[in-house]
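# Summary of the model geometry
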Amino acid sequence: MTITVRMATDDDVAAIIDVGHRTWPATYEPFTGPEYVADGLARWWSAEAIRRGITRTVVAEDPTGAIVGMASYAPNDDILILWKLYVVPEAQGTGAGSALIRKVITDASGRYRAVHLEYLDGNNHAAEFYARNGFTYLKRETDPDGGPDSIWLARPDS
C-alpha cells in the first residue's frame, strides 16, 4: 500500500478527530479503562484542540485519499516534541506510522537537537515501534491523576 504524508489543513480536522476516535479505545482501554479514554478524547481530540495544532500536524493518506494516520509536534527550544502519532487499527502495519515518523524526523533534522516523545506505560506496541525507529529511554514521569506513568524517549538529530 502506498502511503502519502502531507501537512494537514483545516479541511482535515474532522478526519483527524476520526483517527483519534478510532485509535484511542483500542489503544488505551485495555490498560487505562473507558473513563481515561473518554476524558482524553474530549480534551485532546476536540475540533478546537486539533485546530490549535493544525499547522504542526501531518497526515498519512492511503491510496484512496482517506486519512489513516496523523502526527502532531511542537518545538520546545532546541527539542522537537512529538505529541501524537496515531494510525487507525486497520491501517497499522501498512507503513503509515513509519512514514509519519520519518517525516517528523526528517523535518526536525538540522533544526532541532533531538526529537522527544512520550507514551503511556503499558502501551507495548508503541514502545516497540519507537525502539525500532531509533528512540531510547529518557525518563519516566508519574501521572499526578493516578493514570499510567509516561515514558519519555529521545532520538538525537542524525
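Attention in this report is confined to the structure presented alongside it. Note that the structure is predicted; figures quoted are calculated from it, not measured. (Residues numbered from 1 in each chain as written. Predicted model: local features only at pLDDT ≥ 70, side-chain atom pairs only at ≥ 80, totals over all residues. Heavy atoms only, no water.)

## Observations regarding the side chain of T57
Take T57: it is sitting in strand β2 (residues 57–61). The buried category is assigned to T57, whose relative accessible area is 3%. Looking at T57, its side chain comes within polar contact range of the main-chain oxygen of G53, at 2.7 Å. Contacts of T57, omitting those with residues within four sequence positions, involve R6, M7, A8, I16, M70, A71, S72 and Y73. (Helix = DSSP H or I, 4+ residues; strand = E, 2+ residues; numbered from the N terminus. Buried < 20%, exposed > 50% of the residue type's maximum accessible area, 1.4 Å probe, protein only. Polar contact = N/O pair within 3.5 Å; in protein donor to acceptor, adjacent residues only side chain to side chain. Contact = heavy atoms within 4.5 Å.)

## Details of the sheet that holds strand β3 (residues 67–76)
As a general point, the strands of a sheet are linked pairwise by backbone hydrogen bonds and lie either parallel or antiparallel. With respect to topology, seven strands assemble into an open sheet ordered β1-β2-β3-β4-β5-β7-β6, the strand pairing being mixed. Here the strands that pair on one side only, and so sit at the sheet edges, are β1 (4–7) and β6 (136–141). For this sheet, the mean inter-axis angle between neighbouring strands, taken without regard to orientation, is 25 degrees. Where β2 and β3 come together, five bridges link them in antiparallel fashion. (Pairing = 2+ DSSP bridges. Axes fitted to C-alpha atoms, helices over the stretch in contact; angles between N-to-C directions.)

## As for the environment of Y112
Note that Y112 resides in the loop between α4 (96–108) and β5 (114–120). Through-space distance from the C-alpha of Y112 to that of L41 is 29 Å; in sequence the pair is 71 residues apart. In contact with Y112, not counting residues within four places along its chain, are P75, D77, D78, I79, L80 and D157.

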